[in-house]
Amino acid sequence: MCVEVEENTACKNVKIFKEGRKLEKRESLWEAYLRRGFSRRNFLKGCVALTSLMGLSTDMLSKVVEAAETKPLPVVIWIHGHECTGCDESFIRSAAPLASDVVLTSIALEYDHLLSAACGEPFEAHLDETIQKYYGNYILAVEGAVSTKDNGVYCMSGGHTFTHLLQKAAKGAAAIIAYGSCSAYGGIQAAKPNPTGSSGIEHFVGGKTVIKVPGCPPIPEVMTGVVMHVALFGTVPPLDGDGRPKQFYGNRIHDTCYRRPFFDAGMFAENYDDAGSKAGWCLYKLGCRGPETYNSCGNIRWYQGMSYPIQSGAACIGCSNSNFWDEGPFSTRLPAYGKLGDVDKIGAGLAAATGIGVVGHAIASVIQRNNRENLLEEHEE
Amino acid sequence: MKAEKDVKRKEYYLFSPFLRIFHWIMASQIVILFVTGLLITKPMDANSTEPTFTLMSMDLVRDIHFLAAFIFTASLILRIYGFIVNKGDRLFPRVWEGHFYSETVEVALHYMLLKPHHAPFLRNPLARMSYAGLYAMVAVEILTGFAMYFMNSPFTTGGKLFGWVNTILGSEMMTHYVHHYVAWLIIVFALGHLYMVIRAEFMEGESEVSSMFSGKKILAHTPKDANELE
Ligand code: HEM
Ligand code: HEM
Ligand code: SF4
Ligand code: SF4
């Protein structure tokens, strides 16, 4: 199944990078390729890969090439909050485009908590410099949630809370990308009882649009695809109502899953070691969250299309969903309440109790009426 | 006591055919929706049979659920139309009238067997509250149901019309939970409702059950809310 993306939205959108301000000359992607001695053929191949990755149709290729030839590489500031940095682990495994290509040639990554070699005061000073120099023109990539409890002391770097850093960096950002379920929705640390008050970044960026790229972690190619879209076209990709790029989050796993025919036929694995599981049947009864999860696992898959959790035999846990961490257990469709069991058990119990209650009430009503009539008759006599 | 035949009775025309047809569509479709709904959450075990030859494929169960859902939702038009054209098809309990509350308490006390009887009504205020409650639950089922249904293509009109339900509930899984939990509440209502209807017929001399077929109640007493029909 394919996502419908309005094909020319990429060009129609208002440009987000401020023009007018004279910046120092920065390379375009083509110039970067030239400097590294790559052939034109190589460059065009790269553009084809990018085009399809961004979910655009092939007639957009000329636009992509044009952008790659002329657009200066965008400056990216990449900051990390309340998280495990697993998203970075995913990002550096991007194959098309190679993460190294993105970092080294396609974007100018000026500041990154995790990938930068520099550290200490000069590093922090460099951040301030970058923000000033490219004010209104850089892309802000955010990984990790905001910690809101106790003035944000649970997540600090460089002597400041992450909230402070985020607000500072967001002010001058041309576009903000929230990488991972943490920065989109709060993440694992936001699970009940959420001791650190972890929350998504949306409400801490001064009302700017946040491009949400949820997932725990997001698919590598999705991460690079989104930043490349912003970089090349200077526009926010088409987003759904929740702020997620349509081309990657427009379908449920369930509606793109290759095991779907087994679901429709009613062929379910009951256990992870039964015949159905070995035969590759649907994992619905093992708690699969594919039916309510929006992600590209079913079509792009992971690690150069090698596999994805369901293909490897594990039920989807809905890692790109806004509240997946509190919707356990992952192994069943319905939560259970201790000895009471799940709602089907409780409901059946409730129905049985209602039945018994009804019979009891009926008997009592009859007795009451008979008493009343006896009284009345006595009265009449 | 006088023989049943000798009692003088008056006919009250209450339910329009639209409401009656709607009621029976609703009752039948809710049973279908409930059974197929539970089967969707916990599909029958196909391991022991050759799935190709089973009739109860997941696809079929879901299609039956969706068909019943469409019929049910469409039939609500009958209810609304009846409400517009017929005074007897009252939709809302008259909570804006002061006597409503004392009457509700009286009926409740009687049902708790603490009072020997309550004043007669065409439809007593407690029952009318329970129907309003049922319609609220039905609204939840329809909203959550279509929210799940249409999100296989979120950017179509249907997705845009109902997608906000998932946003409000926080996640689409929560939509499933709510849909499922409320389904059980509806069944509990139905059980109680069935009992109360039959009870009213036999215990209180209301011609209750037949009224949902004929639209009329033929009563020996004068109900308190008879004026609402005028
Ligand atoms: C799933 C099952 C059922 C549901 C959800 C249901 C729901 C309702 C609702 C909402 C009303 C109020 C109608 C209105 O004025 O808007 C009603 C009335 C009524 N229902 Fe049902 N019903 C169900 C099954 C039945 C059955 C099986 C019977 C037959 C024995 C029945 C008999 C009646 C009668 C007689 C009334 C009129 C009550 C009155 O006079 O106030 N219902 N029902
Ligand atoms: C009184 C009415 C209804 C009842 C009692 C009912 C009951 C149920 C139940 C128990 C489930 C299983 C929930 C789960 O755990 O996933 C379900 C699923 C569902 N129902 Fe309903 N339902 C009703 C009305 C509707 C309506 C009006 C629609 C609208 C199309 C609808 C659409 C769905 C959908 C899309 C699913 C999920 C199917 C899936 O996950 O494959 N339902 N229903
Ligand atoms: S394995 Fe999961 S996503 Fe795939 S068809 Fe089954 S329920 Fe749907
Ligand atoms: S299959 Fe589900 S849980 Fe696994 S990575 Fe994809 S969205 Fe996350």
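Use the structure listed above.
Rules behind the numbers
Residues numbered from 1 in each chain as written. Chains lettered and ligands numbered in written order. Predicted model: local features only at pLDDT ≥ 70, side-chain atom pairs only at ≥ 80, totals over all residues. Heavy atoms only, no water. Helix = DSSP H or I, 4+ residues; strand = E, 2+ residues; numbered from the N terminus. Rg over C-alpha atoms; globule rule 2.2 N^0.38 Å. Buried < 20%, exposed > 50% of the residue type's maximum accessible area, 1.4 Å probe, protein only. Contact = heavy atoms within 4.5 Å. Salt bridge = Lys/Arg side-chain N within 4 Å of Asp/Glu carboxyl O. Polar contact = N/O pair within 3.5 Å; in protein donor to acceptor, adjacent residues only side chain to side chain. Donors = N, O, S within 2.8 Å, 3.2 Å for Na, K, Ca; no water. Tetrahedral: all angles 85-135°; square planar, octahedral: opposite > 155°, others 65-115°. Near = heavy atom within 4 Å. Nonpolar A, V, L, I, M, F, W, Y, C, P; charged D, E, K, R; others polar. Core = buried A, V, L, I, M, F, W, Y, C linked by side-chain atoms within 4.5 Å. Domains from an automatic or database assignment. Phe/Tyr/Trp six-rings, centres within 6.5 Å; stacked < 30°, edge-to-face > 60°. Lys, Arg positive; Asp, Glu negative; His and termini not counted. Expected span 1.5 Å × (residues − 1). Patch = residues over 30% accessible without salt bridge, like charges linked within 9 Å, V, L, I, M, F, W, Y side chains within 5 Å. Areas by Shrake-Rupley, 256 points an atom, 1.4 Å probe, with all protein chains shown as cover. Pairing = 2+ DSSP bridges. Axes fitted to C-alpha atoms, helices over the stretch in contact; angles between N-to-C directions.

> Can you explain the overall build of chain A? Please cite residues and give values.
The number of helices and strands found in chain A is 14 helices and nine strands. For 381 residues, the compact-globule estimate of 2.2 N^0.38 gives 21 Å, and chain A exceeds it by more than 25% at 28 Å. A principal-axis box enclosing the C-alpha atoms of chain A has dimensions of 115 × 50 × 40 Å. Here chain A holds 381 residues, and 52% of them are scored as buried. Restricting the contact set of chain A to residue pairs at least 6 apart, pairs at least 24 apart contribute 75%.

> Account for the overall build of chain B, naming residues and giving values.
Per the secondary structure count, chain B includes seven helices and two strands. Beginning at the N terminus, the succession of helices and strands in chain B can be written as β-α-α-α-α-α-α-α-β. When the backbone C-alpha atoms are referred to their principal axes, chain B occupies close to 65 × 40 × 35 Å. Residue burial in chain B is summarised as follows: out of 230 residues, 47% are buried.

> Quick one: what's the story with the interface of chain A and chain B, residue by residue and with numbers?
One widely used convention gives an interface's size as the accessible area the parts lose upon coming together. Taken residue by residue, the interface counts 50 residues in chain A and 44 residues in chain B. Lys42(B) is paired through a salt bridge with Asp344(A); the nearest N and O atoms lie 3.2 Å apart. Between chain A and chain B we count 24 residue pairs in polar contact (both at pLDDT 80 or more) in total. Sorting the residues of the side of chain A that touches chain B by element identifies α12 (260–265) and α14 (343–380) of chain A as the ones contributing at least two each. No other element matches the 17 residues that α14(A) contributes to the side of chain A that touches chain B.

> Before we move on, can you summarise the coordination of the iron atom of ligand 1 with the specific residues and values?
All names here are of chain B. Those protein atoms acting as donors to the iron atom of ligand 1 are His23 (NE2) and His193 (NE2), and they sit at 1.9 to 2.0 Å. For the iron atom of ligand 1, the six donor atoms in the first shell make angles of 87 to 179 degrees at the metal, so the coordination geometry reads as octahedral. On the criterion of sequence distance, the pair formed by His23 in helix α1 (residues 17–41) and His193 in helix α6 (residues 172–203) is long-range, its members being 170 residues apart.

> Let's hear about the site of ligand 1: which residues, and what values?
Residues and elements named next belong to chain B. Around ligand 1 there are 22 residues in total, and His23, Arg123, Tyr135, His193 and Lys217 lie nearest to it. Arg79 places a polar side-chain atom, nitrogen or oxygen, 2.8 Å from an oxygen atom of ligand 1. Tyr135 is positioned such that a nitrogen or oxygen atom in its side chain is 2.5 Å from an oxygen atom of ligand 1. Within the residue set of the shell around ligand 1, elements represented by two or more residues are α1, α4 (125–150), α6 and α7 (208–214). The element that contributes the greatest number of residues to the shell around ligand 1 is α1, accounting for six residues. Considered class by class, the residues forming the shell around ligand 1 number 15 nonpolar, two polar and five charged.

> Could you give an account of the coordination of the iron atom of ligand 2, naming the residues involved and the relevant values?
Note on the iron atom of ligand 2: its protein donors are His65(B) (NE2) and His179(B) (NE2). The metal-donor distances range over 2.0 to 2.1 Å. With relative accessibility at 10%, the residue His65(B) sits in the buried group.

> Would you mind going over the nonpolar core in detail, with residue names and values included?
One broad trend across soluble globular proteins is that nonpolar side chains are buried collectively. All names here are of chain A. If you look at the biggest cluster of nonpolar residues, it comprises 36 residues, and the most contacted ones within it are Ile177, Tyr179, Val213 and Ile310. Elements with a minimum of two residues in this core: β1 (75–80), α5 (86–91), β3 (138–143), β7 (173–179), β9 (210–213), α10 (220–233) and α11 (246–249). A total of six residues in this core trace back to one element, the largest contributor, which is α10. Each of two domains, domain 2 (72–248) and domain 3 (251–333), supplies a minimum of three residues to this core. When near neighbours in sequence (up to four residues on either side) are disregarded, Val213 contacts Ile177, Ala178, Tyr179, Gly180, Pro218, Val222, Val226 and Tyr249.

> Tell me about the packing of aromatic side chains, and please be specific about residues and values.
Residues and elements named next belong to chain B. Counted under the stated rule, the structure contains 29 aromatic pairs over all chains. Taking the centre distance of 6.4 Å and the plane angle of 75 degrees together, the rings of Tyr131 and Phe189 count as edge-to-face. Here the residue Tyr131 occupies a position in helix α4, and Phe189 occupies one in helix α6, the gap between them amounting to 58 residues. The same class applies to Tyr131 as to Phe189, namely buried. Ring centres of Phe150 and Phe162 lie 5.9 Å apart, and the angle between their planes is 20 degrees; on these two criteria the pair is classed as stacked. Of this pair, Phe150 sits in helix α4 while Phe162 sits in helix α5 (residues 157–169), placing them 12 residues apart in sequence.

> Describe the site of ligand 4, listing the residues and the values that go with them.
Near ligand 4 the following residues occur: Ile253(A), Thr293(A), Asn295(A), Cys297(A), Trp302(A), Pro309(A), Cys316(A), Ile317(A), Gly318(A) and Cys319(A). Per-class residue counts for the shell around ligand 4 are seven nonpolar, three polar and no charged.

> Give a description of the side chain of Glu143(A) that names residues and reports values.
Residues and elements named next belong to chain A. Inspection of the secondary structure puts Glu143 in strand β3. Look at Glu143: it is buried, it has no salt bridge, and the nearest opposite charge is Arg93 at 11 Å. Reaching out from Glu143, the side chain makes a polar contact with the backbone nitrogen of Asp88 at a distance of 3.4 Å. Filtering out sequence-adjacent residues up to four positions away, Glu143 remains in contact with Trp78, Ile79, His80, Gly81, Glu83, Thr85, Cys87, Asp88, Phe162, Tyr179 and Ser183.

> Break down helix α3 (residues 99–111) of chain B for me, with residues and values.
Here α3(B) is 13 residues long and its end C-alpha atoms lie 18 Å apart, about the 18 Å a rise of 1.5 Å per residue gives. Those residues of α3(B) that are buried lie in contact with α14 of chain A together with α4 and α6 of chain B.

> Residue-level account of a nonpolar patch on the surface, with values.
Residue and element names in this part refer to chain B. Judged by side-chain polarity, Ile80, Tyr81, Phe83, Ile84, Val85, Phe92, Val95, Trp96, Tyr101 and Met129 come together as a nonpolar surface patch covering roughly 1000 Å² of accessible area. When residues in the nonpolar patch are grouped by element, the largest group, five residues, is from helix α2 (residues 58–85). Within the element layout of this structure, Val85 appears in helix α2.

> Just give me the short version of unusual backbone geometry, but keep the residues and values in it.
All names here are of chain A. At the junction of Lys192 and Pro193, the peptide bond is cis and its omega measures out at 0 degrees in the coordinates. Turning to its location among the elements, Pro193 is positioned in the loop between α9 (180–185) and β8 (198–199). Each neighbour pair has its own omega, and for Gly328 with Pro329 the value is -5 degrees, a cis peptide bond. The residue Pro329 is located in the loop between α13 (275–278) and α14 in this model. With a phi close to 45 degrees, Asp150 is a non-glycine residue in the positive phi region. Following the sequence through the fold, Asp150 ends up in the loop between β4 (146–147) and β5 (156–157). Accessibility expressed as a relative area gives 45% for Asp150, which makes it partly exposed.

> Describe the sheet that holds β9(A), naming the residues involved and giving the relevant values.
All names here are of chain A. Read across the sheet, five strands follow the order β2-β1-β3-β7-β9 without closing on themselves; strand pairing throughout is parallel. The open sheet terminates on both sides in strands that have one partner only, identified here as β2 (108–112) and β9. For this sheet, the mean angle separating the axes of adjacent strands, direction not counted, is 20 degrees. Examined bridge by bridge, β3 and β7 share six bridges and lie parallel to one another. Across the sheet, the residue bridging to Glu143 is Tyr179, located in β7. Along the sheet face, helix α8 (residues 162–171) touches β1, β3 and β7 and points at about 155 degrees away from the line of β3. α10 contacts β1, β3, β7 and β9 of the sheet and is inclined by roughly 170 degrees relative to β7.

Everything listed here is a matter of coordinates, which is why it stays silent on function.
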